[in-house]
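Commentary on secondary and tertiary structure
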Amino acid sequence: AGAGDVVAGETGYGVRFDAGYIYQAKQYALKDYPVDSVRTLIDRSTSAAMTFKLSAPKLTDTMSYLKAFAADGANTQVTLTASKEKQTVVCAVTLPNGTTHRTLQGEVAADASLKLPLLRVLPWFAHVGKNDTDVSFNHSKEDGRVNMVLRAGDKTYVLAVAESD
């Protein structure tokens, strides 16, 4: 298979890129996996312009720190606010008595504000954060979903989650 090809197997589907692979295990209950929809999502997501670039370990440490304040468990939202003017990304969790946040310096190409389910995105950030490098983040929003792409070194990671209210 060449770069960008979608490959179907007995246990799931994968997409091969020059920089790595994306694999989705097939769920037993699904007979027809939406390969074309996945391919479209990946193409749209990876072609979006960079929003910001940060240190992977610092981003992971910040998300882990904020997890300690996840009083609502699965309902806890993290807001990422990127400021092109200040060249910062503020990661914040709203609490019953206020807000806790951390500010990360980085390279910010565009202002953005995203509300994400902290406990759903934390494992993804933690996995990517194992890379001792900078990560570039880009995203697109569509149909109430945030399609996120993190690039660390020569690897590309894609995650789609419902945007939080």
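A brief look at the structure comes next. Note on numbering: residues in each chain are counted from 1, in written sequence order. Reporting in this predicted model follows two pLDDT cut-offs: at least 70 for local features of residues, and 80 or more for side-chain atom pairs to be given and counted; totals over whole chains, interfaces and linings ignore these cut-offs and use all residues. To obtain the side-chain values, all non-hydrogen atoms of the structure were included, while hydrogens and water were left out.

Overview of the overall build of the chain
Put simply, the rule is: Numbering of helices and strands starts at the N terminus; helices are DSSP runs of H or I of at least 4 residues and strands are runs of E of at least 2. Note on exposure labels: buried denotes an accessible area under 20% of the residue type's maximum, exposed denotes more than 50%, and partly exposed covers the range between, all computed with a 1.4 Å probe on protein chains only. Here, two residues are considered to be in contact whenever any of their heavy atoms come within 4.5 Å of each other.
Across its full length, the chain holds 3 helices and 12 strands. Residues counted as buried form 39% of the 165 residues belonging to the chain. When contacts within the chain are restricted to residue pairs at least 6 apart in sequence, long-range pairs at least 24 apart make up 57% of them.

Some remarks on the layout of surface pockets
Here is the rule we go by: A cavity here means a set of 1 Å grid points, computed over protein atoms only, where a 1.4 Å probe fits but cannot escape. A pocket is an open set with protein on both sides within 12 Å along at least 5 of 7 lines, and lining residues have an atom within 4 Å of a point. Grid points are joined across faces, edges and corners, and a volume is the space filled by probe spheres set on the points. Three categories are distinguished: nonpolar for Ala, Val, Leu, Ile, Met, Phe, Trp, Tyr, Cys and Pro, charged for Asp, Glu, Lys and Arg, and polar for the others, with Gly belonging to the last.
Here the largest pocket is characterised by a volume of approximately 460 Å³. Around the largest pocket, the lining comprises 21 residues; the ones closest to its centre are I22, Q24, V38, I42 and V158. If you list the elements that add at least two residues to the lining of the largest pocket, you get β2 (12-17), β3 (20-25), α1 (35-47) and β12 (155-162). For the lining of the largest pocket, a count of residues per class yields 16 nonpolar, 4 polar and 1 charged.

Quick look at the pairing of strand β5 (residues 77-83)
Rules: DSSP bridges decide pairing: two strands pair if at least two such bridges lie between them.
With 5 of 7 residues buried, β5 is to be regarded as a mostly interior element. Where β5 and strand β9 (residues 112-117) come together, 6 bridges link them in antiparallel fashion. Paired with A82 across the strands is A112, a residue of β9. As paired strands, β5 and strand β6 (residues 88-95) are joined by 6 bridges and run antiparallel to one another. By the bridge assignment, T79 is partnered in β6 with A92. Taking the residues that link successive antiparallel strands as the turn, the β5-β6 hairpin has 4 residues, and the phi of Q87 there is positive, at about 55 degrees.

Topic: the environment of D5
You can see D5 is positioned in the segment before β1 (6-8). A residue is classified by how much of its surface remains accessible, and D5, at 33% relative accessible area, is partly exposed. Taking the C-alpha atoms as reference points, D5 and F17, separated by 12 residues in sequence, lie 7.8 Å from one another. Residues in contact with D5, not counting those within four places in the same chain, are G14, V15, R16 and R39.

Description of the packing of aromatic side chains
The condition is simple: We call Phe, Tyr and Trp rings a pair once their centres come within 6.5 Å, taking the six-membered ring for Trp, and we label the pair stacked below 30 degrees between planes, edge-to-face above 60, and tilted otherwise.
Tallied over the full model, the rule gives 3 aromatic pairs. For the pair F52 and F137, a centre-to-centre distance of 4.6 Å together with 5 degrees between the ring planes defines the contact as stacked. Taken together, the residues span a long stretch of sequence, with F52 in strand β4 (residues 50-55) and F137 in strand β10 (residues 134-142) at a distance of 85 residues. F137 matches F52 in its accessibility class, with the two residues each being buried. Aromatic pair Y65 and F69: ring centres 5.3 Å apart, planes at 65 degrees, arrangement edge-to-face. In this structure Y65 comes out as partly exposed when scored by relative accessible area, which is 29%.

These figures come from the coordinates and say nothing about function on their own.
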